[in-house]
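# Chains, contacts and geometry: an overview
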Amino acid sequence: MSGNTLQDNRVALKANYEALINSLDDLIWSVSNDLRLITANTAFIEGIKALTGITVKPGDNLLMRDIFQEDYLLFWEDAYHKALKGDSFKKEIYTPAKSVRPKSWVETSFNPIYEDGKIIAIACYLRDITEKKFKEELLIKSEARLAEAQAVAKVGSWETDLSNYNVIWSAETYRIFEVDPGQFKSSHPGFLEFVHPDDRAQVDKAFKDSLESAFDNSIEHRIILQSGNIKSVEERWRIIRDDQKNPVRAIGTCQDITERKNAEEKIKMSADALLNTLNDLNKIMDSSLDVICVVDVNGYFKKVSAACEVVFGYKAEELIGKLIFDFVYPEDRDKTMHSAERVMIGDNTPNFTNRYVRKDGSLVHIEWSARWDAEDKMRYGIARDVTYRKLAETQLTELHESIRRQSVKLLESNEELERFAYVASHDLQEPLRMVTSFLQLLQKKYDGQLDDTAQKYINFAVDGADRMKILILDLLEFSRISSLAVNHTVIDLTGVIKKTLVTLKSVIDESQAKINVSFLPKVCGNESQLLQLFQNLISNAIKYRDDLAPEIEITYSETQGEWQFCIQDNGIGIDAKYYDKIFIIFQRLHNKKDYTGTGIGLAICKKIAELHGGRIWVESSKGNGSKFYFTISKLQTPAAGGAEMLCPALAENAINQLP
Ligand code: ADP
């Protein structure tokens, strides 16, 4: 090769070299060891010019002290000197944003140039790495965002290298497992240690199975934390394969679903509880003897309890979806319709009764209690079979009616009897008087002429006529007491007793009777009858005594509906077997020699007590005195019927006392 050609080659090489470096946007330059420019590409020359306004050329000192600021100069001086000492290095220079110029980064590399083992210059290279920096920044930001998103969603990520089963977790995965990076073995077996023992085999199998699968995989399982707490997580992963379809990596996410699981558990528990309650309710419904049913707004059975089979003769499934109205007995449909309308406006009329036609065609009486629920537009009803009660009511009404008819008849026949007794006793007096007068005439006229036997017979006849007269008078008195309660007013019984004692004064004095009377109440009654009642009982109490002077106690007690009086004596007493007999007219226990009387007194007392809505009875035993009780009702109505009270003021007090 000739020298000329070498020279030419060098020139050509240099031209090539210059063309090459000048084609670059990056700045390339070299600096001598006294920090002067040796060579530079166009990008450098233009860059310096843009920065300083000066076009630098080889030999120029690059540390232009009059142009650059001190810290800038220091940076370059340092870097050049460092390179001159033999260091090859790179430096990043950051220029913050200034007015219109955005922030920027450049990377400068410094490399010493050797000749004969000595550093003779520095080769420098500067390129703009702003874009790269921005991308890095962006990546950092997006990674931060991803981490944040993972934290918010409680979703961590992981990656398993399938060649060695090493595992990498994201920060959020560590957070979910509540461990620090140092506490995790970073391997698949290490991960399995956290999995709940009951779930471990299943999780491992799912992972192993997924190696063969081309699809995405997922599994929910529990993990046990170091604290002992249990969390639920959902893992989703995908197997990454190489070109030969061999699995190389598994990438996945791990989401903390503990809250969701707990909520699901709670929902399940409340659903179970609800189901149990519903079951209980159904059982209660079906064990009810009454029919419990739900009917919709249009009147269709929605639900019916089992009792319907007994009550209506239909099974629940035969009724559900049917119109309730179709089962109502036609005659009762109108009133049923009205009642249903009332229920639906909130008038939960209890005890509405109607009739239904059972499956076998018989009628069943139903008593309803129903409620309308405006929100779910349903009628809730309880239907009770009251057929027997209704029949009993009908029978009772009929019974009442027949009793009423009978008592009217009885009243009529009683009145007739009374009239008869009155007429008989009244009309008998006249002939009796005649018999008595003629007997007396006979006695007078034939005095001394008749033999003893005739005289005895006449005496018997006179005696009999006298007794008959007394009996007739008694009968008359008895028949005069009307069978109806008449002239009932408020009577002060203390006054009645006083009058009685005045009437009986001579008998009382004669027998030296002691009579103790407590304060007596005001009652509703007929004064003369009550006088007679007390008089008969007190005079009996005095009369039926033996040697003891009579001691009589008159007391009373009160219940809600009546007053009860007691006349107690210390007389001869009565054998229990005669308790009823003594109240029958003309029934006596003694002959008139021992105790005078006709046996009418207690019969009159009985009649008077009954006319005052009460009754009379005796408690006694022979030789131990007697207690005669009688009652007077506080709620007396006229015997002929009618709801009004005979003594309204007293009746009102009595009603107020009722519970
Ligand atoms: P009478 O006194 O005219 O016989 P009552 O009707 O008053 O008629 O009495 C019926 C019978 O009841 C009496 O004959 C008497 O045997 C009995 N009796 C009535 N009161 C008493 C009494 N306080 N103690 C014992 N016996 C009595």
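Since the structure is predicted, the reported quantities are computational estimates derived from the model, not experimental observations.

### Examining a nonpolar patch on the surface
Where nonpolar side chains cluster on the molecular surface, the patch consists of L275, L278, L281 and I284 and spans about 390 Å² of accessible area. Within the secondary structure, L278 sits in helix 8 (residues 258-287).

### Comments concerning the site of the ligand
Looking at the ligand, there are 21 residues lining it, with N540, Y544, R588, H590 and L602 nearest. One of the side-chain nitrogen or oxygen atoms of K543 is found 2.9 Å away from an oxygen atom of the ligand. One of the side-chain nitrogen or oxygen atoms of D569 is found 2.9 Å away from a nitrogen atom of the ligand. Contact with the protein chains removes 97% of the 530 Å² of surface that the ligand exposes when unbound. Element by element, the count of residues in the shell around the ligand is highest for helix 16 (residues 527-543), at three residues. Grouping the constituent residues of the shell around the ligand by class yields nine nonpolar, nine polar and three charged.

### Some points on the packing of aromatic side chains
Under the counting rule described, the total for this entry stands at 34 aromatic pairs. Centroid distance F583 to F628: 6.2 Å. Interplanar angle 70 degrees. Geometry classified as edge-to-face. Of this pair, F583 sits in the loop between strand 20 (562-568) and helix 17 (601-611) while F628 sits in strand 22 (residues 626-633); the two residues are 45 residues apart in sequence, bridging distant segments of the chain. A relative accessible area of 9% places F583 in the buried class. Here F628 falls in the buried class, since its relative accessible area comes to 8%. Each member of the aromatic cluster is reached from another via a ring pair, and the members are W29, F44, F68, Y72, F75, W76, Y80, F89 and F110. Between the NZ or CZ atom of K82 and the centre of the ring of F89, over which it lies, the distance is 4.2 Å. Over the aromatic face of F325 sits the side chain of R333, whose NZ or CZ is 5.8 Å from the ring centroid.

### A closer look at the sheet that holds strand 4 (residues 104-115)
In sheet architecture, strand pairing relies on hydrogen bonds along the backbone and comes in two forms, parallel and antiparallel. Pairing is antiparallel in the open sheet, where five strands are placed in the order 2-1-5-4-3. Each of the sheet's edge strands pairs with one partner strand only, and the pair in question is strand 2 (37-40) and strand 3 (89-95). Sheet twist, expressed as the mean angle between neighbouring strand axes with direction ignored, is 25 degrees. Contacting strand 1 (27-32), strand 3, strand 4 and strand 5 (118-128), helix 3 (residues 70-84) crosses the sheet at an angle of about 130 degrees to strand 5. Running over the sheet, helix 4 (residues 130-153) touches strand 3, strand 4 and strand 5 and is turned about 125 degrees from strand 4.

### Focus on the pattern of salt bridges
Pairing of side chains with opposite charge becomes possible as their charged atoms draw close. A full pass over the atoms with the stated rule returns 44 salt bridges. For the salt bridge of K231 with E178, the shortest nitrogen-to-oxygen distance reads 3.1 Å. In this pair, K231 is assigned in strand 9 (residues 230-241) and E178 in the loop between helix 5 (171-177) and helix 6 (188-194), connecting sequence segments 53 residues apart. Under the relative-accessibility criterion, K231 is labelled buried at 12%. By relative accessible area, E178 is classed as partly exposed at 42%. Taken together, the salt bridges that share partners define one network made up of E220, R260, K261 and E264.

### Observations concerning the confidence of the model for the chain
On average, residues of the chain score 88 in pLDDT, and 97% of them are at 70 or above. Taken element by element, the chain is modelled with least confidence in helix 18 (residues 648-657), mean pLDDT 73, and with most confidence in strand 21 (residues 616-620), mean pLDDT 97.

### Let's talk about the nonpolar core
For soluble globular proteins, nonpolar side chains are generally found buried alongside one another. L493, F534, L537, F565 and F630 are the most contacted members of the largest nonpolar core, which has 43 residues in total. Mapped onto this core, the elements with two or more residues apiece are helix 14 (493-503), strand 18 (522-525), helix 16, strand 19 (551-558), strand 20, helix 17, strand 21 and strand 22. Not counting residues up to four positions away in its chain, the partners in contact with L537 are I567, L602, C605, I616, F628 and F630. L35, I48, V56 and L73 belong to the second-largest nonpolar core, a separate cluster that totals 25 residues.

### Observations regarding the state of the cysteines
A complete count under the given rule lists one disulfide for this structure. With its sulfur 2.0 Å from that of its partner, C524 forms a disulfide with C647. Torsion about the S-S bond of the C524 and C647 cystine: about 70 degrees, corresponding to right-handed handedness. On the criterion of sequence distance, the pair formed by C524 in strand 18 and C647 in the loop between strand 22 and helix 18 is long-range, its members being 123 residues apart. Both residues of the pair, C524 and C647, belong to the buried class. There is no disulfide at C308, and the cysteine sulfur nearest it, in C293, is 9.0 Å away.

### Comments concerning helix 11 (residues 333-344)
Since there are 3.6 residues in each turn of an α-helix, residues three or four apart along the chain are aligned in direction. The end-to-end C-alpha distance of helix 11 is 16 Å, a good match for the 16 Å that 12 residues give at a rise of 1.5 Å each. Listed in full, the buried residues belonging to helix 11 are T336, S339, A340 and V343. One face of helix 11 carries all of its buried residues, which in axial projection span an arc of 100 degrees. Buried residues belonging to helix 11 abut strand 13 (352-357), strand 14 (363-373) and strand 15 (378-385). One or two residues past the end of helix 11 sits G346, with phi positive at roughly 95 degrees.

### Topic: the sheet that holds strand 6 (residues 155-161)
Across the sheet, which stays open at both edges, the five strands sit in the order 7-6-10-9-8 with antiparallel pairing between neighbours. Both edges of this open sheet fall to strand 7 (166-169) and strand 8 (217-224), since each of them pairs with a single strand only. When the angles between neighbouring strand axes are averaged without regard to direction, this sheet yields 25 degrees. Here four bridges tie strand 6 to strand 7, and the two strands are oriented antiparallel to one another. Its bridge partner being in strand 7, E159 is matched across the sheet by I168. Seen against the sheet, helix 8 touches strand 8, strand 9 and strand 10 (247-256) and runs at an angle of roughly 125 degrees to strand 9.

Quick notes on the rules
- Every chain is numbered on its own, with residues counted from 1 as its sequence reads.
- With pLDDT at 70 or above as the cut-off, local features in this predicted model cover only qualifying residues; side-chain atom pairs require 80 or more to be listed or tallied, and sums for whole chains, interfaces and linings still use all residues.
- To get the side-chain values, all heavy atoms of the structure are used, and hydrogens and water are removed first.
- For patch building, the residue pool is restricted to those with more than 30% relative accessible area and no salt bridge; the joining distance is 9 Å between like charges and 5 Å between nonpolar side chains (Val, Leu, Ile, Met, Phe, Trp, Tyr).
- To measure how exposed things are, a 1.4 Å probe is used in the Shrake-Rupley method; for residues, cover is taken only from the protein chains shown.
- Whenever Lys or Arg places a side-chain nitrogen within 4 Å of a carboxyl oxygen from Asp or Glu, that contact is recorded as a salt bridge.
- Numbering of helices and strands runs from the N terminus; a helix is a DSSP stretch of H or I covering at least four residues, while a strand is a stretch of E covering at least two.
- Each residue is tested against the molecule or strand, and it is near if at least one of its non-hydrogen atoms lies within 4 Å.
- Contacts described as polar in this section are N or O atom pairs within 3.5 Å, which, within protein, must combine one atom able to donate a hydrogen with one able to accept it, while residues neighboring in sequence count only if both atoms come from side chains.
- Residues were grouped as follows: Ala, Val, Leu, Ile, Met, Phe, Trp, Tyr, Cys and Pro as nonpolar; Asp, Glu, Lys and Arg as charged; and all remaining residues, including Gly, as polar.
- Two aromatic rings from Phe, Tyr or Trp, using only the six-membered ring of Trp, form a pair when their centres are within 6.5 Å; if the ring planes differ by under 30 degrees the pair is stacked, by over 60 it is edge-to-face, and anything between is tilted.
- Relative accessibility under 20% of the residue-type maximum defines a buried residue, over 50% an exposed one, and the middle range a partly exposed one, all with a 1.4 Å probe and only protein chains included.
- In our convention, an over-ring charge means Lys NZ or Arg CZ found within 6 Å of a ring centre and within 35 degrees of that ring's normal.
- Pairing between two strands is assigned when DSSP locates at least 2 bridges connecting them.
- Whenever a helix is involved, its axis is fitted only over the stretch in contact; in every case the axis is a line through C-alpha atoms, and angles between N-to-C directions fall within 0 to 180 degrees.
- Note on contacts: a residue pair qualifies if any of its non-hydrogen atoms lie within 4.5 Å across the two residues.
- Each residue carries a pLDDT value, the predictor's own confidence for that position, ranging from 0 to 100.
- For our purposes a nonpolar core is just a set of buried Ala, Val, Leu, Ile, Met, Phe, Trp, Tyr and Cys residues, chained together by side-chain atoms within 4.5 Å.
- In this description, a disulfide is simply a cysteine sulfur pair whose atoms lie within 2.5 Å.
- By definition here, a helix of n residues has an expected span of 1.5 Å times n minus one.
- The reported arc concerns the directions from the helix axis to the C-beta atoms and nothing else.

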